[in-house]
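Here is what each chain is made of, one letter per residue.
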Amino acid sequence: MKKDSINFDKKIDRMETDCVKYDGLQSYFGVTDAKPLWVADMDFATPKFVQKALERKLKQQIYGYEIPSSNSFEAVINWQKRHNLELQKEDILFCSGVVPSLKIAVETFSEIGDEVVVFPPVYFPFFSVVKDSNRELIESYLVQKDGKYEIDFLDFESKITSKTKLLLLCSPHNPAGRVWSENELRKLDEICKKYNILVVSDEIHSDLVFTKFTSFATINPTSLILNAPSKTFNVAGFNTSYAFSLNNAIIEKFKINAKKHHITSLNTLSNTVIQSCYSDEGGVWLEELLVYLKKNIFFTEKFFKKYLPSVNVLKVEATYLVWLDFKETGLKHKQIKEKLLNNAKVALNDGITFGKNGKYCFRLNVALPKKELKIALKKIKIAFSK
Ligand SMILES: Cc1ncc(COP(=O)(O)O)c(C=O)c1O
């Protein structure tokens, strides 16, 4: 792949393409004139080699049902070697999405009335998949320490009862931007083993890391891992994901329930997406992407430090999502929200949707051309300098 075929600086007009990030502004924010810096997809083009593979596939003229091809299994097996995993075909199940898989995992590995633990602030479907399954949601809040969020292990253990069956782990963590260290994961595993709690680890952001990532499957093979190429390659709209476990009983039990709930059908483009993304070219593209994202994150950190030091920018170890804590501005949550949307005219995710400790916080998506990011940050600076 020619490196000059990658151009993250290029502005692409996404208006009127039916994408939720732009065309959903009216229904989610009640405005149409804000710069969308919310939903977790990127304003960068999906890699050229993926686009080309999709174009070739579309030429086949008939778009009928698909089965997961052996090349797709191979692609996942090869890709996961990056995370020190040696998977077999039987360990993997292709699914339509990570969120539907989280829901099926809750239903498969707990009973109605059982307790499921999450660590807020966390990606909001972690709440609904538990509540909508009539399980008890147990929230152990992450705590801010030295500019990043940490798990409160004492709080977590104190909340466990005989009904606690599952931990839904977001690893790396959205929106806290944490890559859990091997030590932290081992500590978690120790507690979970002690109380017989199964860990379901959502590792959808595991390629977008700036420090060493450890898959929970390498800590405890008796866990269920959910992943997808969606975030890494900006292909979320294809609803193509996969679950795996190194424990045969776990994946087999999950497979039965996932099939029962019809979340295992692939779409016509799924095989193409998996194979083209999880390729050698994909690896090269990812390296370039990480360099660009790192620069945008660094720029954002420096910008706030210089112009709005009362806004605490949590350390970003993973993802392109920056968690901004406005608590020290002394403003009320509602005032911050209004300033962002109505004065700065930028649409960020409201921190409260990620849990009650998300108050005063907003999630900023920096996966966009640097020039665009600079314009948006300047607008925030002006709005909060008044
Ligand atoms: C942690 C996490 N899990 C899952 C998803 C969505 O996964 P899917 O689109 O495959 O349901 C997202 C999207 O933002 C996410 O951040």
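Fair warning: this is a prediction, and the values are worked out from it, not measured in the lab. (Residues numbered from 1 in each chain as written. Predicted model: local features only at pLDDT ≥ 70, side-chain atom pairs only at ≥ 80, totals over all residues. Heavy atoms only, no water.)

1. Side note on the sheet that holds strand β9 (residues 224–227)
And step 1. Pairing is mixed across the open sheet formed by 7 strands, whose spatial order is β2-β10-β9-β8-β7-β3-β4. Looking along the sheet, the strands with just one partner apiece sit at the ends: β2 (92–95) and β4 (136–139). The average undirected angle you get between the axes of adjacent strands in this sheet is 20°.
And step 2. Direction of pairing for strand β3 (residues 115–118) relative to strand β7 (residues 164–170): parallel, over a ladder of 3 bridges. Among the inter-strand pairings, V116 is bridged to a residue of β7, identified as L166.
And step 3. Most of the contacts of helix α11 (residues 248–260) go to β2, to which it runs at about 25°, and overall it touches β2, β8 (198–202), β9 and β10 (241–244). (Pairing = 2+ DSSP bridges. Helix = DSSP H or I, 4+ residues; strand = E, 2+ residues; numbered from the N terminus. Axes fitted to C-alpha atoms, helices over the stretch in contact; angles between N-to-C directions. Contact = heavy atoms within 4.5 Å.)

2. Focus on the pairing of strand β15 (residues 361–365)
And step 1. Judged by how many residues are buried, β15 sits mostly within the fold: 5 of 5 residues are covered.
And step 2. Neither face of β15 is open: one carries C361, R363 and N365, the other F362 and L364, and all of them are buried.
And step 3. Both strand β12 (residues 321–325) and β15 contribute to a ladder of 5 bridges, which runs antiparallel. Following the sheet pairing, V322 is matched in β15 by L364.
And step 4. As defined by bridge partners, strand β14 (residues 349–350) adjoins β15 across 2 bridges and the pair is classed as antiparallel. Directly across from N349, in β15, lies its bridge partner R363. (Buried < 20%, exposed > 50% of the residue type's maximum accessible area, 1.4 Å probe, protein only.)

3. Quick notes on the domain arrangement of the chain
And step 1. Under the domain assignment, the chain is made up of domain 1 (3–48 + 281–385) and domain 2 (64–279).
And step 2. Averaged C-alpha coordinates put domain 1 and domain 2 at centres separated by 25 Å.
And step 3. Counting residues at the interface gives 36 residues for domain 1, matched by 34 residues for domain 2.
And step 4. The junction of domain 1 with domain 2 conceals about 3000 Å² of combined surface from both sides, 58% of it contributed by carbon and sulfur atoms.
And step 5. In terms of surface lost to domain 2, no three residues of domain 1 exceed E317, F354 and N357, which account for 23% of the buried area on that side.
And step 6. The tally of links between domain 1 and domain 2 comes to 2 salt bridges.
And step 7. The partner of E317 in a salt bridge is R178, and the shortest N-O contact between them spans 2.7 Å.
And step 8. Taken together, the connections running from domain 1 to domain 2 amount to 23 residue pairs in polar contact (both at pLDDT 80 or more). (Domains from an automatic or database assignment. Buried area = accessible area lost by both parts, 1.4 Å probe. Salt bridge = Lys/Arg side-chain N within 4 Å of Asp/Glu carboxyl O. Polar contact = N/O pair within 3.5 Å; in protein donor to acceptor, adjacent residues only side chain to side chain.)

4. Describing the sheet that holds β15
And step 1. Overall, antiparallel pairing links the 4 strands, which are arranged β11-β12-β15-β14 in an open sheet. Of all strands in the sheet, those bounded by a partner on one side alone are β11 (312–313) and β14.
And step 2. Bridging between β11 and β12 involves 2 bridges; their strand directions are antiparallel. Residue N312 lies in a different strand from β12, and its bridge partner there is D325.
And step 3. Against the sheet, helix α14 (residues 333–343) contacts β14 and β15, and its axis sits at roughly 25° relative to β15.

5. Let's talk about the packing of helix α3 (residues 48–58) against helix α12 (residues 270–277)
And step 1. Two elements in contact, α3 and α12, have axes separated by 9 Å at closest approach and are oriented at 150°. Compared by their axis directions, α3 and α12 come out roughly antiparallel. Crossing of α3 against α12: the hand is right-handed. Facing F49, V50, A53, L54 and K57 of α3, the residues of α12 in contact are T272, V273, S276 and C277. (Parallel < 35°, antiparallel > 145°, perpendicular 65-115°, else oblique. Left-handed = near helix turned anticlockwise from the far one by under 90°.)

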